[in-house]
Amino acid sequence: MSAIALRGPERVVIHQHRRALWSAGALALMGVAVVVAAWLWASSASDTFAGSGCSVENTVRGCGDTVRAFLDTELRFSRAVDYAGLAMMVLPACVGMFVAGPLVGRELESGTYQTSWSQSVSPARWLAARLAVPAVLTLAGVSVLSAFSAWAWSRAKGTYYPRGDWYEREVYGAMGSAPVGYALCMLALGALAGLLLRRTVAAMVVTVLAYVPLTMVLNRVREDLWPTVRLLGGDRPGEHAWWIDSGMLTASGKALYWRDCEGPDVSVTPFACMRGLKGATEFTDYHPASHFWPLQLVETGILLGLAALAVALAFRVLRRRHG
């Protein structure tokens, strides 16, 4: 989005916060460059190690230093991917803070919004610009970073220090459509906090505090956002499956979970608890790797719904206070 191609309050937003936007873009590119450099270094070290004749599993005399150097390089790349995933988890809160603070809260606190409103810009148009500009930049930027995170994770899987599986919080929250949903949701919540509190620091703090329970709740209910697959007969799910629960299925079709047998008597194991069941079949409920996108899209839909609600409330607050 170019400030030259924009008109009115959208161009003003870009002009006023161009340094912060450029800094954020430069920081993101720096992070991408570090991960790519670590991957190139690891790839080169892997090729060199493959031609050395040494083995990690069966290290022979004279190969100790070579093996250590190779593993150190792999570890650096894995850690770089970990840090990138952590940054993706923090990014939505940063987006919300930026909107709640500099874009909305500071202007209301200092009274500079009155200058815009006195120049034929309605309050609704003023707020729309402060939502549209970061929304477009967030949608584009976070989508690219999410795709890059997926690429980095796929490369780290082939190292001796692979990252977690697709369903683990640090991995799931760094790729797919969910990071975009979280960022847009926090953008909307940040705008609402800025309008309600009209104080820069207070709005930023409340926005960050809102992010914590939001992620905790969605992490807790994530496994229920899409129907699980039930495997019967004691077989185990395939590789990269997200195990949810297991138990015994009675002849009448009633599911009894192993956790139902937990009690104060530790001498009674779950197997002993269910030993008397006649015609029961063991089962396992799980999410296969193919459920990644259904889960992501449902969670993203919830987040976008919350974002739409927050935006509607923000415009309502603005109308009630300023007509």
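Note that the structure is a prediction, hence the values are computed from the model and not measured. (Residues numbered from 1 in each chain as written. Predicted model: local features only at pLDDT ≥ 70, side-chain atom pairs only at ≥ 80, totals over all residues. Heavy atoms only, no water.)

Along the backbone of the protein there are ten helices and four strands. Each helix and strand of the protein, ordered N terminal to C terminal, gives the series α-α-α-α-α-α-α-α-β-β-β-α-β-α. By residue count, 40% of the 323 residues in the protein fall in the buried class. The contacts in the protein between residues at least 6 apart in sequence include a share of 79% that link residues at least 24 apart. Surface accessibility of the protein: about 17,500 Å² in total, with carbon and sulfur atoms responsible for 62%. (Helix = DSSP H or I, 4+ residues; strand = E, 2+ residues; numbered from the N terminus. Buried < 20%, exposed > 50% of the residue type's maximum accessible area, 1.4 Å probe, protein only. Contact = heavy atoms within 4.5 Å. Areas by Shrake-Rupley, 256 points an atom, 1.4 Å probe, with all protein chains shown as cover.)

Moving on, we get to the pairing of strand β4 (residues 281–287). With five of seven residues buried, β4 is to be regarded as a mostly interior element. Taken together, the four bridges between strand β1 (residues 229–232) and β4 define a ladder with antiparallel strand orientation. Bridge pairing in β4 links Arg-230 to Asp-285. (Pairing = 2+ DSSP bridges.)

Let us now look at the confidence of the model for the protein. In the predicted model, the protein carries a mean pLDDT of 84, and 89% of its residues have values of at least 70. The low-confidence segment residues 1–6 (pLDDT under 50) makes ten contacts with residues lying over four places distant or belonging to another chain. (pLDDT = per-residue confidence, 0-100.)

So, about the nonpolar core. Nonpolar side chains tend toward joint burial in soluble globular proteins. One finds Val-104, Trp-126, Leu-127, Trp-166, Tyr-182, Leu-195 and Leu-214 to be the most contacted residues of the largest nonpolar core, which totals 49 residues. Only α1 (9–16), α3 (64–110), α5 (123–156), α6 (169–172), α7 (178–197), α8 (200–221), β2 (242–249) and α10 (292–322) provide two or more residues apiece to this core. Looking at this core element by element, the count peaks at twelve residues for α7. Beyond its immediate stretch of four places on either side in the chain, Leu-127 contacts Leu-195, Ala-314, Phe-315 and Leu-318. Of all hydrophobic cores here, the second largest spans nine residues; its members include Ala-38, Ala-42, Ala-80 and Val-81. (Core = buried A, V, L, I, M, F, W, Y, C linked by side-chain atoms within 4.5 Å.)

Right, let's get into the sheet that holds β2. Taken together, four strands build an open sheet; the order of strands is β1-β4-β2-β3 and the sheet is antiparallel. Because the sheet does not close on itself, it has two edges, and the strands there are β1 and β3 (255–257). Taking each pair of neighbouring strands and ignoring which way they run, the sheet shows an average axis angle of 35°. (Axes fitted to C-alpha atoms, helices over the stretch in contact; angles between N-to-C directions.)

The subject of this paragraph is the packing of aromatic side chains. On inspection of all chains with the given rule, the structure shows eleven aromatic pairs. Ring centres of Tyr-167 and Trp-242 lie 5.7 Å apart, and the angle between their planes is 5°; on these two criteria the pair is classed as stacked. Linking Tyr-167 in the loop between α5 and α6 with Trp-242 in strand β2, this pair joins segments that are 75 residues apart in sequence. Between the aromatic rings of Tyr-182 and Tyr-211, the centroid separation amounts to 6.3 Å while the plane-to-plane angle is 85°, which identifies the pairing as edge-to-face. Separated by 29 residues along the polypeptide, Tyr-182 in helix α7 and Tyr-211 in helix α8 bring together distant segments of the chain. The exposure class assigned to Tyr-182 is buried, which follows from its relative accessible area of 6%. A connected cluster of aromatic rings, assembled from ring pairs, spans Trp-166, Tyr-167, Tyr-172, Trp-242, Phe-292 and Trp-293. The positively charged end of Arg-230 is found above the aromatic ring belonging to Phe-283, 4.2 Å away from the centroid. (Phe/Tyr/Trp six-rings, centres within 6.5 Å; stacked < 30°, edge-to-face > 60°. Lys NZ or Arg CZ within 6 Å of the ring centre and 35° of its normal.)

Here we come to α7. The terminal C-alpha atoms of α7 lie 28 Å apart, and with 20 residues this matches the ideal 28 Å at 1.5 Å per residue to within 8%. Counting buried positions over the 20 residues of α7 gives 17, a clear majority of the element. Trailing α7 by a residue or two, Arg-198 shows a phi angle of about 60°, which is positive. (Expected span 1.5 Å × (residues − 1).)

A word on the pairing of β2. Across the eight residues that make up β2, a large majority, seven, are buried. The pairing of β2 with β4 spans seven bridges and is antiparallel. Considered in β4, the bridge of Met-248 is made with Glu-282. As paired strands, β2 and β3 are joined by three bridges and run antiparallel to one another. Its bridge partner lying in β3, Gly-247 is registered against Tyr-257. Hairpin geometry of β2 and β3 is characterised by an intervening segment of five residues between the two adjacent antiparallel strands and by a positive phi of about 95° at Gly-253.

Moving on to the state of the cysteines. All told, the structure shown has one disulfide when counted by the stated rule. Across the disulfide, Cys-54 is cross-linked to Cys-63 (sulfur-sulfur distance 2.1 Å). Handedness here is read from the sign of the S-S torsion; for Cys-54 and Cys-63, about -75°, the answer is left-handed. You can call Cys-54 buried: its relative accessible area is 14%. The exposure class assigned to Cys-63 is buried, which follows from its relative accessible area of 8%. (Disulfide = S-S within 2.5 Å.)

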